[in-house]
Amino acid sequence: MIPTEWILGLVGGLMIGCAAAVFLLVNGRIMGASGILGGLLDGTGRGNAGERMAFIAGLVGVPLVIALVSGAPDTNLTTSLPILVIAGLFVGVGTRMANGCTSGHGVCGISRFSVRGIAATLVYLIAGGIVMYVGRHMLGVI
Amino acid sequence: MRLLVALFAGGLFGAGLTVSGMTDTDKVQGWLDLFGAWDPTLAFVLGGAILPMLGAWAIARRRQTAMLGAPIPAPADPVIDAPLVTGSALFGAGWALAGLCPGPALAVLGYGGWPALAFFAAMTAGMIAQPFLPVPRGTRAA
């Protein structure tokens, strides 16, 4: 018996992939969350700011509507402010330096057989695994 | 039209993240916790997302432009450089600490309460600061 969570993961994953496919084939854009947001913040995306804002409106708005209709799913997000701030800074700086995150390098890059996308994904998975091991099993802070 | 497509793609991305459980930081951190209670859900999400994109890239390779006229984004030079590796390692560390990457950070922004806002604020600060920070040098052809 396959756990329900795996099936939901696959279904949700297919939805994410279809969203990326529509964004690519209709608008000619890579669906990378860090690039779409980061370009708005540092001004490099000024030329298509409206498209970026529309994408973010959907990405924030639809989960909010789902939460309002059927109850907010648990995020289980830590309530340690120092951890949240350090993690957020690392994610913000790291994804902009590497020019991509899980959606851009992971979903869009791997499926294009992009060397950079595959390399980036391997590095953030390994780094994440190491930090998780040290943070949870050695230091107990995660 | 581009704006409507972007809104739709962002919304479908957000719905997929919610359905797949990637807005639950326990599942993401569980995936990275190889030496604890390992949770393989993320592999189903990533695999599910890559499937439609394999088809999308196969179509995109035969076209010059997307349906609304924009050029299909050219692939980056297949170079694994220091910013890609360092940035991805930083990103992976932050991802493990909080269990959020940029897509889910936006998806939980509307209902995740103050921890979601704190992470988002730190992430955007990192994204704004990154162009002003030193970038590691060094390039190695893949």
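Refer to the structure printed above.
Description of the structure in this document.

Cut-offs and rules
Residues numbered from 1 in each chain as written. Chains lettered and ligands numbered in written order. Predicted model: local features only at pLDDT ≥ 70, side-chain atom pairs only at ≥ 80, totals over all residues. Heavy atoms only, no water. Helix = DSSP H or I, 4+ residues; strand = E, 2+ residues; numbered from the N terminus. Buried < 20%, exposed > 50% of the residue type's maximum accessible area, 1.4 Å probe, protein only. Contact = heavy atoms within 4.5 Å. Areas by Shrake-Rupley, 256 points an atom, 1.4 Å probe, with all protein chains shown as cover. Lys, Arg positive; Asp, Glu negative; His and termini not counted. Charge placed at Lys NZ, Arg CZ, Asp CG, Glu CD. Buried area = accessible area lost by both parts, 1.4 Å probe. Salt bridge = Lys/Arg side-chain N within 4 Å of Asp/Glu carboxyl O. Polar contact = N/O pair within 3.5 Å; in protein donor to acceptor, adjacent residues only side chain to side chain. Axes fitted to C-alpha atoms, helices over the stretch in contact; angles between N-to-C directions. Left-handed = near helix turned anticlockwise from the far one by under 90°. Nonpolar A, V, L, I, M, F, W, Y, C, P; charged D, E, K, R; others polar. 1 Å grid on protein atoms, 1.4 Å probe; cavity = no way out; pocket = protein on both sides within 12 Å on 5 of 7 lines; lining within 4 Å. Points joined across faces, edges and corners; volume = space filled by probe spheres on them. Phe/Tyr/Trp six-rings, centres within 6.5 Å; stacked < 30°, edge-to-face > 60°.

1. Quick look at the overall build of chain B
Check the secondary structure of chain B and you find six helices and two strands. Counting from the amino terminus, helix and strand elements in chain B follow one another as α-α-α-β-α-α-α-β. The dimensions of chain B, computed from C-alpha atoms along their principal axes, are 45 × 40 × 30 Å. Every one of the 142 residues in chain B was classed for burial, and the buried ones make up 56%. Taking contacts inside chain B between residues at least 6 apart in sequence as the whole, the part at least 24 apart equals 51%. Accessible surface computed for chain B: about 6100 Å², of which carbon and sulfur atoms make up 69%.

2. A word on the overall build of chain A
Of regular secondary structure, chain A possesses six helices and zero strands. Counting helices and strands in the order they occur from the N terminus, chain A gives α-α-α-α-α-α. With the C-alpha coordinates of chain A rotated into their principal frame, the extents come out at 45 × 35 × 30 Å. In chain A, buried positions account for 51% of the 142 residues. The long-range share in chain A, meaning contacts at least 24 apart out of those at least 6 apart in sequence, stands at 32%. Roughly 5900 Å² of accessible area belongs to chain A as shown, and the carbon and sulfur atoms make up 72% of that amount. In chain A, which carries 7 positive and 4 negative side-chain charges, the distance between the mean positions of the two groups comes to 14 Å.

3. Looking at the interface of chain A and chain B
Contact residues are listed per partner, giving 98 residues for chain A and 108 residues for chain B. Interface area, chain A with chain B, both sides summed: about 9000 Å², of which 79% is carbon and sulfur. On the chain A side of the interface with chain B, the three residues burying the most area are Met-97, Arg-112 and Arg-116 of chain A, jointly 8% of the side's total. Across the contact surface, chain A and chain B share four salt bridges. Taken together, the links from chain A to chain B amount to 18 residue pairs in polar contact (both at pLDDT 80 or more).

4. Quick word on the packing of helix α3 (residues 49–70) of chain A against helix α1 (residues 2–20) of chain B
Where α3 of chain A meets α1 of chain B, the closest approach of the two axes is 7 Å, and the angle between their N-to-C directions is 35°. Between α3 of chain A and α1 of chain B lies a crossing of right-handed hand. Across the interface between the two elements, Gly-50, Glu-51, Ala-54, Phe-55, Ala-57, Gly-58, Leu-59, Val-62, Pro-63 and Ile-66 of chain A of α3 of chain A pack against Arg-2, Leu-3, Ala-6, Leu-7, Ala-9, Gly-10, Gly-11, Phe-13, Gly-14, Ala-15, Leu-17 and Thr-18 of chain B of α1 of chain B. Partitioned by chemical class, the residues of the contact of α3 of chain A with α1 of chain B number 14 nonpolar, six polar and two charged.

5. Comments concerning the layout of surface pockets
Residues and elements named next belong to chain A. The volume enclosed by the largest pocket comes to roughly 650 Å³. Among the secondary structure elements, those contributing two or more residues to the lining of the largest pocket are α2 (33–42), α5 (102–111) and α6 (115–138). When grouped by side-chain class, the residues that make up the lining of the largest pocket number nine nonpolar, 14 polar and five charged. When its volume is computed, the second largest pocket comes out at roughly 220 Å³.

6. Quick word on the packing of aromatic side chains
Under the defined criterion, the tally for this structure stands at eight aromatic pairs over all chains. Aromatic pair Tyr-124 of chain A and Trp-95 of chain B: ring centres 5.6 Å apart, planes at 90°, arrangement edge-to-face. Here Trp-95 of chain B lies in helix α4 (residues 82–98) and Tyr-124 of chain A lies in helix α6, a pairing that spans two chains. Since its relative accessible area comes to 1%, Tyr-124 of chain A is described here as buried. Between the aromatic rings of Phe-91 of chain B and Trp-95 of chain B, the centroid separation amounts to 5.9 Å while the plane-to-plane angle is 25°, which identifies the pairing as stacked. Here the residue Phe-91 of chain B and the residue Trp-95 of chain B both occupy positions in helix α4, the gap between them amounting to four residues, near one helical turn. Like Trp-95 of chain B, Phe-91 of chain B is buried. Clustering of aromatic rings is evident, with ring pairs tying together Phe-23 and Phe-55 of chain A together with Phe-13 of chain B.

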